[in-house]
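Now for the letters of each chain:
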Amino acid sequence: MTAEHGPAVVADAAPAGRAAAERAVLRLARPYLGRLVGAGLLAAATEFAGLALMATATWLLMSAAGQPPLDRLTVAIVAVRALAISRGVFRYTERLAGHDAVLRMITDVRARVFATLAARRGTAHRSGDVLSRLVSDVEAVQDLLLRVLVPASAAAVVGVLAVAVAALISPPAAGALAVGLLVAGVALPALATAVTRRSAAEVAPLRGALATDAIDLTHGAADLAAFGATDVTLRAAEQRAHRLARLERRLAATGFAVDAAGVLAAGVTAAAVVLVALAADVPGVLVGVLAVGTLAAVEVMLALVAAARQWTQLRPGLTRVADLLDADLPTAPPATGPTDLTGPHELRFVDVTVRYRAGAAPALDGVSLDLPAGRRIAVVGPSGAGKSTLAAVLTGTVRPASGRVTLDGHDLSAYAEEALPRAVGGLLAEAYVFHATVRENLLLGQAGAGEEELTAATAAAGLLDWVRAQPAGWDTLVGEEGGQLSGGQRQRLALARALLAAPPVLVLDEPTEGLDPTAADAVLASALAATPAGHSVLLISHRLSGLAELDEIVVLDGGRVIQRGRHAELVAAPGWYRDQWLLQAAAERGYLALAP
Ligand SMILES: Nc1ncnc2c1ncn2[C@@H]1O[C@H](COP(=O)(O)OP(=O)(O)OP(=O)(O)O)[C@@H](O)[C@H]1O
């Protein structure tokens, strides 16, 4: 088994076979099939009422021209009114039934997509990709049903009915109508799909690339300007925009050509039906009815062209949803570990190896560690040594390829995902600060914390003076990702939240990053002092200052433990720790000498 942070399991676009995605969507729709079929029948009734209205009105007008007695027209007059009203009623109920079914189904699908993505939180999806899966891809499922399947099946039903009714008047004319409807309902949609598919396949990634360009050009504006790369990036974005515009123009032009072919098909079919009906000696009024009815029926069938276009555009999204929901999830083994995690704990690493990618050098290589209740250890080492990986293994976000990590003798994977954070947690690398108030960000650590606890944790993190100096105090908004705070304040806020949460095994990954040496020493000392006596601490740090009181210091390099012991022992022995300690001490002496 390799680490959980492996390559994404989700295939992004490869279709699993023809119409496999559509079949998957229909499987999802099964519980709502009754409502969807009802919506389809109502849509067919709407279209048929429209068609019958045109035909009846034509008969009425042409018959009225011969000034027959009024009672011969009464039924048709009533029918015109009834059809006009019923068409509106059918349309309304169809929309109601269709949307009701689809919105219920979409809620299910969105929940399942969310659950699947959450279960794969270790895999490398970009946040934008996750968002698009949850929003636009799921909407593709909705559009497939409401804009493709329901209108297409309604059009097919109406087409068959129109041919059947025309056959009652004149079978040869019905034959001509059938040919016209096949052209409008089969040949033209196939043509529309063929001409749209290639351009649509190019348009979608181009639009995605343009959206990324827009984000890079706005979020990265300062860095692009600093490196003089604004013009080059802007030109690349403009070129993409021009290509997209060209493609969309071509797409629109071919779209218009297909639409024009549809109008032509309606005219030619109507002319053919009239000629065939006249040749078959159909009475004049009925020829008129057939002509207008044909125009209306072809119009209904042309809805299939729009449906086909829509379908082509929806396919990538549908395929992604279907792949996501179809793929077998790596099922977590049932949680067998204890659920009461409130007491003191013993955490052990035995010969733990972590490999992010098969074949790559391990990020942790045979690391063993003992963290009984109340013990405080620091993990130090050069950049890329595996320190954050160790913290990630500890919190259960990365699983080892070999070796064991146990909490109170039970394998970490035996604990329920939601139970583990009650025992192990803290300040992890790049802690997220929410666009909310200081208080709300802190309460995430301990939901019921009162003023006293907030004050203690914030003081220990060295942020209390700043909070008190703010006009809004605890209710100060910190901005998106803490953007209205300095880097150091953001870090202190995240540390205060971790101290407030106070899990029995507290992990602190670089808690003083971004602070100057004096502040860093003070914050580290107060944070350690604020940790209850029976709680163990695993501190990850670049700085070697302030570690003298810790029970053990573990030096990692290239994923291996190269030194371990107390601070005094390590500075006395030759090796990475002593070299680094001397270097850092000299650098900080220089910094302090320069500081005003
Ligand atoms: N998600 C990941 N996918 C692939 N490789 C990773 C991932 N995270 C870390 N690594 C690799 O694992 C190794 C250890 O990384 P880690 O972040 O644990 O080091 P670190 O000691 O915390 O470094 P730093 O002090 O710079 O934060 C590095 O070589 C890194 O490139």
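Here the residue numbers are simple positions, counted from 1 along each chain's written sequence. The predicted nature of this model means local features are confined to residues of pLDDT at least 70 and side-chain atom pairs, given and counted, to a pLDDT of 80 or more, with totals for whole chains, interfaces and linings taken over all residues.

**Student:** Run through the nonpolar core, naming residues and quoting values.
**Tutor:** Membership of the largest hydrophobic core comes to 79 residues, with the highest contact counts inside it found for Leu 51, Ala 173, Leu 177, Ala 297 and Met 301. Elements represented by at least two residues in this core include exactly α1 (20-29), α2 (33-65), α3 (74-119), α4 (127-169), α5 (171-219), α7 (230-279), α8 (284-301) and α9 (303-326). Here the element with the most residues in this core is α4; it accounts for 16 residues. Residues in contact with Ala 173, not counting those within four places in the same chain, are Ala 166, Val 273, Val 276, Ala 277, Ala 280, Val 282 and Leu 290. Residues of type Ala, Val, Leu, Ile, Met, Phe, Trp, Tyr and Cys that are buried and joined through C-beta atoms within 7 Å form what is called a nonpolar core. Our exposure labels follow a C-beta count within 10 Å of each residue's own C-beta, placed from the backbone: buried means 20 or more other C-beta atoms, exposed means 12 or fewer, and partly exposed covers the counts in between. The next biggest cluster of nonpolar side chains, apart from the first, holds 69 residues, and it includes Leu 407, Leu 412, Leu 506 and Leu 508. Numbered from the N terminus, helices here are DSSP runs of H or I no shorter than four residues, and strands are runs of E no shorter than two. Our contact criterion uses C-beta atoms placed from the backbone: two residues qualify when those atoms are within 7 Å.

**Student:** Can you lay out the UniProt feature "transmembrane region" (unreviewed entry) in the protein for me, pointing to particular residues and giving the numbers?
**Tutor:** UniProt positions are given in the numbering used here, feature names are shortened, and annotations may be inferred rather than shown by experiment. This chain's UniProt record puts "transmembrane region" (unreviewed entry) on residues 36-61, 73-90, 144-169, 175-195, 251-279 and 285-308. As a span, residues 251-279 carries 100% helix and 0% strand, and end to end its C-alpha atoms are 42 Å apart. Its end C-alpha atoms 36 Å apart, residues 285-308 is made of 96% helix and 0% strand.

**Student:** Summarise the sheet that holds strand β5 (residues 410-411); cite the residues concerned and give the values.
**Tutor:** Here we have four strands laid out as an open sheet, ordered β2-β1-β4-β5, and antiparallel in their pairing. Both edges of this open sheet fall to β2 (364-371) and β5, since each of them pairs with a single strand only. For two strands to count as paired, DSSP must find a minimum of two bridges between them. Inspection of the sheet shows strand β4 (residues 402-407) paired to β5 by two bridges, in the antiparallel sense. What sits directly across from Thr 406, in β5, is Asp 411. In the packing of helix α10 (residues 387-394) onto the sheet, the strands contacted are β1 (347-354), β2 and β4, and the crossing angle to β2 comes to about 60 degrees. What counts as an axis is a line fitted to C-alpha atoms, over the stretch in contact for a helix, and the angles between N-to-C directions run from 0 to 180 degrees.

**Student:** Which residues make up the sheet that holds strand β9 (residues 552-557), and what are the values?
**Tutor:** Strand order in the open sheet formed by six strands is β6-β7-β8-β3-β9-β10, with mixed pairing between adjacent strands. In the strand order of this sheet, the two ends are held by β6 (424-427) and β10 (560-565), each with one partner. The sheet shows a mean angle of 20 degrees between the axes of neighbouring strands, taken without regard to direction. Two elements, strand β7 (residues 505-509) and strand β8 (residues 536-541), share five bridges in a ladder whose sense is parallel. Residue Asp 509 lies in a different strand from β8, and its bridge partner there is Ile 540. Across the sheet, helix α14 (residues 487-501) touches β6 and β7, and the angle it forms with β6 is around 155 degrees.

**Student:** Can you explain the environment of Leu 324? Please cite residues and give values.
**Tutor:** If you trace the backbone, Leu 324 turns up in helix α9. Residue classification places Leu 324 among the buried positions, given that 21 C-beta atoms sit within 10 Å. When the C-alpha positions of Leu 324 and Leu 117 are compared, they lie 8.3 Å apart, and in sequence the two are 207 residues distant.

**Student:** Account for α8, naming residues and giving values.
**Tutor:** Here, expected helix span is obtained from the residue count minus one, scaled by 1.5 Å. For α8, built from 18 residues, the straight-helix expectation of 26 Å at 1.5 Å per residue is met to within 8% by its first-to-last C-alpha distance of 26 Å. Of all the residues in α8, the buried ones are Val 287, Gly 288, Val 289, Leu 290, Val 292, Gly 293, Thr 294, Ala 296, Ala 297, Val 298, Val 300 and Met 301.

**Student:** Outline unusual backbone geometry, supporting the account with residue identities and numerical values.
**Tutor:** For Asp 281, which is not a glycine, the phi torsion comes out positive at approximately 60 degrees. Summarising the element assignment, Asp 281 is placed in the loop between α7 and α8. According to the C-beta neighbour criterion, Asp 281 is exposed, with 8 such atoms within 10 Å. With a phi angle near 55 degrees, Asp 408 is a residue other than glycine that sits in the positive phi range.

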